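Next come the chains, spelled out residue by residue.
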Amino acid sequence: MKNTISILATLLFVQFANAQEVPEKYRPQFHFTPKAHWMNDPNGMVYYNGTYHLFYQYYPDAKIWGPMHWGHATSKDMVHWNEQPIALYPDSLGYIFSGSAVVDVNNTSGFGKDGKAPLVAIFTHHNPVLEKQNTGRHEYQSIAYSLDEGKTWTKYSGNPVLQNPGISDFRDPKVRWYEPQKKWVMTLATKDRITFYSSPDLKKWTRESEFGADAGAHGGVWECPDLFPLTHNGKQVWVLIVNINPGGPNKGSAGQYFLGDFDGKTFTAYSKETKWLDYGADNYAAVTFSNTGDRMLLMGWMSNWQYANQVPTDPWRSANTISRELALKAVGKELYMTSIPAKELNSIATGGYARQNVKVKSPVDLTPKESNASGLFRLDLQAAAVSDFELVLSNKAGNEVLIGYNKSSNQYYIDRSKSGKTDFEAGFGQKHIAPRLSTDAKLALTLVADVASVELFADGGLTVMTDIFFPDTPMNTLTIKSATGITLEDVRYKVLKPEVE
Ligand code: FRU
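Here goes a summary of the coordinates provided. Keep in mind the model is a prediction, meaning the values are calculated, not measured. (Residues numbered from 1 in each chain as written. Predicted model: local features only at pLDDT ≥ 70, side-chain atom pairs only at ≥ 80, totals over all residues. Heavy atoms only, no water.)

## Remarks on the overall build of the protein chain
And then number 1: Along the protein chain, the regular secondary structure elements total two helices and 34 strands.
And then number 2: Against the 2.2 N^0.38 benchmark of 23 Å for 501 residues, the protein chain shows a C-alpha radius of gyration of 23 Å, consistent with a compact globule.
And then number 3: Based on the C-alpha atoms only, the size of the protein chain along its principal axes is roughly 75 × 65 × 45 Å.
And then number 4: In the protein chain, buried positions account for 59% of the 501 residues.
And then number 5: Within the protein chain, contacts between residues at least 6 apart in sequence are counted, and of these 61% link residues at least 24 apart. (Helix = DSSP H or I, 4+ residues; strand = E, 2+ residues; numbered from the N terminus. Rg over C-alpha atoms; globule rule 2.2 N^0.38 Å. Buried < 20%, exposed > 50% of the residue type's maximum accessible area, 1.4 Å probe, protein only. Contact = heavy atoms within 4.5 Å.)

Right, here's the structure in full:
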């Protein structure tokens, strides 16, 4: 009897504890998440007829990685996303791994009909049966097309369009039109290097060259590359993004990039040194949208293979970063790529305040007077001189995320060791650091906070850090302090408030 009572009491307690849990308390509000189940890399991002399309690695049967599909979501502003039916399902050739999508304006593929340009997806088929046979030929590239704006897709009957020459990691094709030679160029991750292919019609591919066996970081396999031009002082500079897992600057997955020239055949880097796209732990497989004209917009998977399968969200796993606009900036003689929040984010900015000349030493409250219950905000601040500071994002449960700058080491940092739930993976609750690359005498930064993430864009996007966290209650208090003292010339705080669509 005693036993029965104690079992009943335990059951009641568990029920009560569960009732206390706020459902979906970690659900981001303006970062894309699937309603349910597993997501990883963004795929096939393309802007077409006024709509941004996001496809993504998706496993619709569980909250962990499994046979890959391409999920699909659409948006008018890259802030409000609408999940659509699954676009591509696994088939007899394999799972549908990462890849890209293009608008075939000239109908080079012949898939167009009645003057309508096809959307063409170029992706990796990953064959799990062949994988077990250890031939090293289980990944090859295939295509599919859509004539109804990405709603339905037809896989090409001649798949695969690019066979594997015997390289076990042979994937993630990113394709763009190379106008000077009127051909398509495919940038493909091939284990520890990038291989470039070209094609007149997206169906026949010719190997052009390779890059990287002796360049950059090699702490892990090379994945999800991208190649695109940016302009700096009237000069065209080509950017080659190479995601790498593991081997990132703060462990696990991360994105590196190289700057150089591309002549339709060969990429020649100005330097073989790695530059990091994002020093945080949570921006992987980041690549750009296609068909966005002169704007280059980047979005990544806001997670890390180190713990992606364990994060405590339910019933979904993973979110994407916000969309970021890319540009180039020189620091002395060195050129870097910068990323800042795409301006569309401001469409959800309401209220808040602007303050000038704020002197900080002991903690100063930066939360708006009328409070911000959700804790979602964008903060832009500028300091007169470069000095130590620490922003503290906190809640009533005592969780804290620290975002700061240390002058003696010249490093920015995000410390999530006391950020709430961290025990799902041993390495999660850590402090991440990033160099300050800028030599400006003033300090400027933008911070974007959602329910479970913070994105730091320092010095006009020269140093970027993205970190996720899982707080017990909303992180709705923001303070700043400075051991040495700092004067904020300008502080702008905007509450971010996405309307529910
Ligand atoms: C990167 C990656 C890709 C691959 C996909 C599989 O995160 O490993 O290289 O195509 O995920 O889901």
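Right, picking up where we left off after that structure.
## Description of the sheet that holds strand S31 (residues 453-458)
Hydrogen bonds between backbone groups are what pair the strands of a sheet, and the pairing can be parallel or antiparallel.
And then number 1: One open sheet holds the six strands; their spatial order is S23-S34-S25-S30-S31-S32, and the pairing between them is antiparallel. Each of the sheet's edge strands pairs with one partner strand only, and the pair in question is strand S23 (349-360) and strand S32 (463-468). Put simply, the sheet's adjacent strands are angled 10° from each other on average, direction ignored.
And then number 2: The pairing of S31 with S32 spans six bridges and is classified as antiparallel. When the bridges of S32 are listed, Glu 455 appears paired with Thr 466. (Pairing = 2+ DSSP bridges. Axes fitted to C-alpha atoms, helices over the stretch in contact; angles between N-to-C directions.)

## Side note on the side chain of Glu 139
And then number 1: Considering the arrangement of structural elements, one finds Glu 139 in strand S7 (residues 139-146).
And then number 2: On the basis of relative accessibility, which here comes to 1%, the residue Glu 139 falls in the buried class.
And then number 3: From its side chain, Glu 139 meets the backbone nitrogen of Phe 170 in a polar contact 2.9 Å long.
And then number 4: Leaving out residues up to four positions away in the same chain, Glu 139 has contacts with Phe 97, Thr 124, His 125, His 126, Asn 164, Ser 168, Asp 169, Phe 170 and Arg 171. (Polar contact = N/O pair within 3.5 Å; in protein donor to acceptor, adjacent residues only side chain to side chain.)

## Brief notes about the sheet that holds strand S2 (residues 51-59)
And then number 1: As summarised here, the arrangement of the five strands in space is S4-S3-S2-S1-S20, forming an open sheet in which the pairing is mixed. With partners counted over all chains shown, the strands left at the sheet margins are strand S4 (82-88) and strand S20 (316-317), one partner each.
And then number 2: With two bridges joining them, strand S1 (residues 37-48) and S20 adopt parallel strand pairing. Directly across from His 37, in S20, lies its bridge partner Trp 316.

## Topic: the site of the ligand
And then number 1: Close to the ligand lie Asn 40, Asp 41, Gln 57, Trp 65, Met 68, Phe 97, Ser 98, Arg 171, Asp 172, Glu 223, Tyr 284 and Trp 305, which account for all nearby residues.
And then number 2: In this structure, Trp 65 approaches the ligand through a side-chain N or O atom, which is 3.0 Å from an oxygen atom.
And then number 3: In this structure, Trp 305 approaches the ligand through a side-chain N or O atom, which is 2.8 Å from an oxygen atom.
And then number 4: Bound to the protein, the ligand loses 95% of the 320 Å² it would expose on its own.
And then number 5: Within the residue set of the shell around the ligand, elements represented by two or more residues are S1, strand S5 (95-103) and strand S9 (170-178). (Near = heavy atom within 4 Å. Areas by Shrake-Rupley, 256 points an atom, 1.4 Å probe, with all protein chains shown as cover.)

## Here's the deal with the pattern of salt bridges
And then number 1: Following the criterion strictly, the structure yields 29 salt bridges and no others.
And then number 2: Two residues, Glu 24 and Arg 27, come together in a salt bridge whose shortest N-O distance is 3.0 Å.
And then number 3: Under the relative-accessibility criterion, Arg 27 is labelled buried at 12%.
And then number 4: A salt bridge links Lys 421 to Asp 423, with the shortest nitrogen-to-oxygen separation between them at 3.0 Å.
And then number 5: Relative accessible area serves as the criterion here: at 61%, Asp 423 is assigned to the exposed category. (Salt bridge = Lys/Arg side-chain N within 4 Å of Asp/Glu carboxyl O.)

## Here we look at the nonpolar core
And then number 1: Grouped together as the largest cluster of nonpolar side chains are 56 residues, with contacts concentrated most on Leu 379 and Leu 391.
And then number 2: When residues are assigned to domains, this core turns out to be shared by domain 1 (32-341) and domain 2 (347-496), each giving three or more.
And then number 3: The contact partners of Leu 391, leaving out residues within four places of it in the chain, are Leu 366, Leu 379, Leu 381, Val 401, Leu 402, Ile 403, Leu 445, Leu 447, Leu 478, Thr 479 and Ile 480.
And then number 4: Ranked by size, the runner-up nonpolar core spans 19 residues in total, among them Phe 228, Leu 298, Leu 326 and Tyr 336. (Core = buried A, V, L, I, M, F, W, Y, C linked by side-chain atoms within 4.5 Å. Domains from an automatic or database assignment.)

Read these as spatial facts, not as claims about activity.
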